[in-house]
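Remarks on the overall topology
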Amino acid sequence: MNIAVDSPLVQDRVARKIRTYLDEIIAFRRDLHQNPELAFQEKRTSNLVVSHLASYGYQIEHGIAGTGIVATLKKGEGSRIIGLRADMDALPIAEATGLDYASRNKSIMHACGHDGHTAILLAAARYLAEFSEFDGTVRLIFQPAEEIGAGAKKLLAEGLFERFPVDAVFGLHNWPDVPAGSFGFVPGPAMASVDQAYIKVVGKGGHGAEPHRGVDPVLASASLITALQSIVSRNVDPREMAVITVGSIHGGSASNVIPESVELKLTVRTFNEAVRQQLSERIPALARAQAESFGAKAEVEYRFGFPSVLNHADETAFARKVALQTFGDEKVIADFKPRTASEDFAFLLQARPGSYLFVGNGDGAPLHSASYDFNDEIILPAAHYWVRLVESYLSSPVSTTTL
Ligand SMILES: [Zn+2]
Ligand SMILES: [Zn+2]
């Protein structure tokens, strides 16, 4: 995204001010990119964030959920409180971008853009402290361990919203292959739930030449894998989304030996809690019955992961309205579709109203790819958006003043 100097965006007061320190923020983002840290190990990252927030004048709680930070800023006498959340952790991926600021750690990479999310929130934090006028409280939540689905849960377990109340909480994720700097809002289910099933099909091993003397768990597994898709096509309401993927199958070691057992690993996704429940019952039942029909046995371990990200209607409508007022409808994607990926922001939305939104990252490799590249050009519009969201929320109703 190339922003022309005479565009309305640059003339806008917020964008103009952020531009004065944008280079610093981009350098900060690239430094995080070069020094990525895995879930719950974001020490360096979180120390850096704290030192910036402290210099802006925030009241800081450091060390919640390990490396987490809650930074609070109050202006005026208003009682409303808005929370904004960014995630800080990286992934166990060997970076293959060839960028000059690529990860210095060969096996860890910011392949989901959480370095960018952190930089965006910091850019907004500075503006809110130094230039914004609002009437109420803003809380910035820098969360550890999103990638392993543990950070948000831990924040809540440590009393996040009891100790640091908010009326609503918002988060954002960059999204590759969506035009850079465009915004997407989804009322209701925005990202899928994710659960896992581990199935061990146990037969009776033997000589590959004498199948009649054993029970073949490979054949039973082959049939089971095919039958599992019948749950999506025949049991789930066709108007609902469900994904069952058998991502791993392991069994046997020689062509002429029937193994004792075969192990399958499944990922299971949907947007609807009732369907989620249905899948969690139907998958084990089908696995057991299928195995039994071959004289084998299925041992099933079903692990619930995250629920679906369920955006609240009012907060999503509000968030969308702020984007429309700030950037106009050409930057707000009309009918942004839910994503089948998952986010542990889902837990925060179970605790408080709010909305999780998407910012286009432009063309490029997908999230979690070794070639993924966060687009620094989206820092300005995304930080600008956070500022306008806070200013609007803390001067309710949403201001219609021309910026
Ligand atoms: Zn991720
Ligand atoms: Zn992510």
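Residues numbered from 1 in each chain as written. Chains lettered and ligands numbered in written order. Predicted model: local features only at pLDDT ≥ 70, side-chain atom pairs only at ≥ 80, totals over all residues. Heavy atoms only, no water.

Pairing analysis gives ten bridges linking strand S8 (residues 193-202) to strand S12 (residues 261-270), with the strands arranged antiparallel. By the bridge assignment, Val194 is partnered in S12 with Arg269. Pairing of S8 with strand S13 (residues 297-306) involves nine bridges; the strand directions are antiparallel. For Ala197, the partnering residue across the bridge sits in S13 and is Tyr302. (Pairing = 2+ DSSP bridges. Helix = DSSP H or I, 4+ residues; strand = E, 2+ residues; numbered from the N terminus.)

Moving on, we come to the nonpolar core. In terms of nonpolar packing, the biggest core is built from 97 residues, with Leu53, Tyr58, Leu140, Phe142, Tyr385, Trp386 and Leu389 touching the most fellow members. Filtering out sequence-adjacent residues up to four positions away, Tyr58 remains in contact with Leu53, Ala71, Thr72, Leu73, Ala125, Leu128, Ala129 and Leu140. Ranked by size, the runner-up nonpolar core spans 26 residues in total, among them Ala220, Ala227, Val268 and Val275. (Core = buried A, V, L, I, M, F, W, Y, C linked by side-chain atoms within 4.5 Å. Buried < 20%, exposed > 50% of the residue type's maximum accessible area, 1.4 Å probe, protein only. Contact = heavy atoms within 4.5 Å.)

Before going further, it helps to spend a moment on the coordination of the zinc ion (ligand 2). Around the zinc ion (ligand 2), the protein contributes the donor atoms Cys112 (SG), His114 (NE2) and His173 (NE2), at 2.1 to 2.3 Å from the metal centre. Binding-site remark: the zinc ion (ligand 2) is held by donors from one chain whose sequence spacing is C-x1-H-x58-H. The metal-metal distance between the zinc ion (ligand 2) and the zinc ion (ligand 1) is 3.1 Å, with Cys112 coordinating both. Placement of the pair is Cys112 in the loop between strand S3 (81-87) and helix H4 (114-130) and His173 in strand S5 (residues 168-176), with a sequence separation of 61 residues. As far as burial versus exposure is concerned, Cys112 and His173 are alike and both buried. (Donors = N, O, S within 2.8 Å, 3.2 Å for Na, K, Ca; no water.)

A few words now on the UniProt feature "domain: Peptidase M20 dimerisation" (unreviewed entry) in the protein chain. Residues annotated by UniProt as "domain: Peptidase M20 dimerisation" (unreviewed entry) correspond here to residues 197-291. Along residues 197-291 the backbone is 40% helical and 32% strand, and the end-to-end C-alpha distance reaches 15 Å. (UniProt positions renumbered as here; feature names shortened; annotations may be inferred.)

What follows covers the sheet that holds S5. Strand order in the open sheet formed by seven strands is S1-S2-S4-S3-S5-S15-S6, with mixed pairing between adjacent strands. A single partner strand is all that each edge strand has here, and the edge strands are strand S1 (59-64) and strand S6 (183-184). Where S1 meets strand S2 (residues 68-75), five bridges bridge the pair, whose relative direction is antiparallel. Within S2, the position partnered with His62 by the bridge is Ile69. Helix-sheet contacts for helix H9 (residues 313-327) involve S5, S6 and strand S15 (354-362), and the interaxial angle to S15 is about 40°. Helix-sheet contacts for helix H11 (residues 379-393) involve S3, strand S4 (136-143), S5, S6 and S15, and the interaxial angle to S3 is about 160°. (Axes fitted to C-alpha atoms, helices over the stretch in contact; angles between N-to-C directions.)

A separate point is H11. Think of an α-helix as 3.6 residues a turn; residues three or four steps apart then line up on the same face. Taking 1.5 Å as the rise per residue, H11 with 15 residues should run 21 Å; its terminal C-alpha atoms sit 21 Å apart, in good agreement. Among the 15 residues in H11, 15 count as buried, and that is most of the element. (Expected span 1.5 Å × (residues − 1).)

This part covers the sheet that holds S12. An order of S10-S12-S8-S13 is seen for the four strands of this open sheet, with the pairing classed as antiparallel. Both edges of this open sheet fall to strand S10 (242-251) and S13, since each of them pairs with a single strand only. Direction aside, neighbouring strands of the sheet carry axes that sit 15° apart on average. Packing against the sheet, helix H7 (residues 217-235) makes contact with S8, S10 and S12, and its axis sits at approximately 170° to S10.

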